[in-house]
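Each chain, letter by letter, is given below.
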Amino acid sequence: MRKVLLFVPLLVAFGLGFFLWRGLSLNPQELPSALVGHPLPAFELPSLQQPDQMLTQDSLKGQVSLLNVWATWCPACRDEHPFLMELAEKRRVPIIGLDYKDQRDAALKWLTDLGNPYQLTLFDGDGRLGLDLGVYGAPETFLIDKEGIIRLRHAGIVNEQVWQDKFRPLFEQYQQ
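Thresholds, definitions, all that
- Residues numbered from 1 in each chain as written.
- Predicted model: local features only at pLDDT ≥ 70, side-chain atom pairs only at ≥ 80, totals over all residues.
- Heavy atoms only, no water.
- Axes fitted to C-alpha atoms, helices over the stretch in contact; angles between N-to-C directions.
- Helix = DSSP H or I, 4+ residues; strand = E, 2+ residues; numbered from the N terminus.
- Parallel < 35°, antiparallel > 145°, perpendicular 65-115°, else oblique.
- Left-handed = near helix turned anticlockwise from the far one by under 90°.
- Contact = heavy atoms within 4.5 Å.
- Nonpolar A, V, L, I, M, F, W, Y, C, P; charged D, E, K, R; others polar.
- Buried < 20%, exposed > 50% of the residue type's maximum accessible area, 1.4 Å probe, protein only.
- Lys, Arg positive; Asp, Glu negative; His and termini not counted.
- Salt bridge = Lys/Arg side-chain N within 4 Å of Asp/Glu carboxyl O.
- Polar contact = N/O pair within 3.5 Å; in protein donor to acceptor, adjacent residues only side chain to side chain.
- Core = buried A, V, L, I, M, F, W, Y, C linked by side-chain atoms within 4.5 Å.
- Phe/Tyr/Trp six-rings, centres within 6.5 Å; stacked < 30°, edge-to-face > 60°.
- pLDDT = per-residue confidence, 0-100.

**Remarks on the packing of helix α2 (residues 75-89) against helix α3 (residues 104-114)**
Okay, step 1: The interhelical angle for the contact between α2 and α3, taken along N-to-C directions, is 50 degrees, at an axis separation of 12 Å. Between α2 and α3, the angle falls in the class oblique. For the pair α2 and α3, the crossing hand works out as right-handed. Within the contact between the two elements, α2 uses Cys77, Arg78, His81 and Met85 and α3 uses Trp110, Leu111 and Leu114.
Okay, step 2: Residues that form the contact of α2 with α3 fall into these classes: five nonpolar, one polar and one charged.

Structure representation (structure tokens):
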């Protein structure tokens, strides 16, 4: 019996090693989302620019759009911002902003200084909608169809390659 007990730590170490190895092989930008194929969670949040205007999930219906989760405290969001400006201005892609766990004044200054690619911006100061969406950080971007159904989730920066490989094909498919 004592000889068998000597192998228990070895088996535990192998088991733990397997799970750690498996975790290292996952791509964090390919996190599955239980919400893909489902409607946006119900919400009522103020507009960033007009705090008295409350926006709901119905505010995002009627067009295929990107829902971009961003914040002024997020360095990667600053890297992503010029490409979002190009998508909005040159390619006419509708983008809705979700200012996540941020300060309103800092976010308004950001958009004034860097430009505003968003048709409208939801202010999620306490992160309630972010939590409901399964957001674990910023930036994250969701493709939302005309009926308000989430069709794609991307964790990380949206750049030309991500747009061409992941978003553009679905964007065009759901626009039809």
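**Re the side chain of Asp102**
Okay, step 1: Within the secondary structure, Asp102 sits in the loop between β4 (95-100) and α3.
Okay, step 2: The buried charged residue Asp102 lacks any salt bridge, with Arg78 as its nearest oppositely charged partner at 9.9 Å.
Okay, step 3: In terms of polar contacts, Asp102 uses its side chain to reach the side chain of Thr72, at 2.7 Å.
Okay, step 4: Residues in contact with Asp102, not counting those within four places in the same chain, are Trp70, Ala71, Thr72, Trp73, Ala107, Phe123 and Gly125.

**Here we look at the nonpolar core**
Okay, step 1: Counting 44 residues, the largest nonpolar core has Leu67, Leu122 and Leu133 as its most contacted members.
Okay, step 2: Among the elements that take part in this core, α2 stands out by supplying five residues, more than any other.

**Remarks on the packing of aromatic side chains**
Describing an aromatic ring pair means giving the distance of the ring centres and the angle of the ring planes.
Okay, step 1: For the coordinates displayed, the defined rule picks out five aromatic pairs.
Okay, step 2: An angle of 50 degrees between the planes, with centres 6.5 Å apart, marks the rings of Trp73 and Tyr100 as tilted. Here Trp73 is found in the loop between β3 (65-70) and α2, whereas its partner Tyr100 is found in strand β4, with 27 residues between them in sequence.
Okay, step 3: In this structure Tyr100 comes out as buried when scored by relative accessible area, which is 6%.
Okay, step 4: Both rings, one in Trp163 and one in Phe167, keep their centres 6.5 Å apart while their planes meet at 10 degrees; by these two values the pair is stacked.

**Looking at the confidence of the model for the protein chain**
Okay, step 1: On average, residues of the protein chain score 89 in pLDDT, and 81% of them reach the 70 mark or higher.
Okay, step 2: Across residues 25-29, confidence stays below pLDDT 50; counting only partners more than four residues off in sequence or on other chains, it has six contacts.

**Concerning the environment of Trp73**
Okay, step 1: What makes Trp73 partly exposed here is its relative accessible area of 44%.
Okay, step 2: Each C-alpha atom, one on Trp73 and one on Ala106, is 9.1 Å from the other, the two residues being 33 residues apart in sequence.
Okay, step 3: Residues in contact with Trp73, not counting those within four places in the same chain, are Tyr100, Lys101, Asp102 and Ala138.
Okay, step 4: Only 3.3 Å separates the side chain of Trp73 from the backbone oxygen of Tyr100, close enough to count as a polar contact.
Okay, step 5: At 2.8 Å, the side chain of Trp73 and the backbone oxygen of Lys101 are in polar contact.

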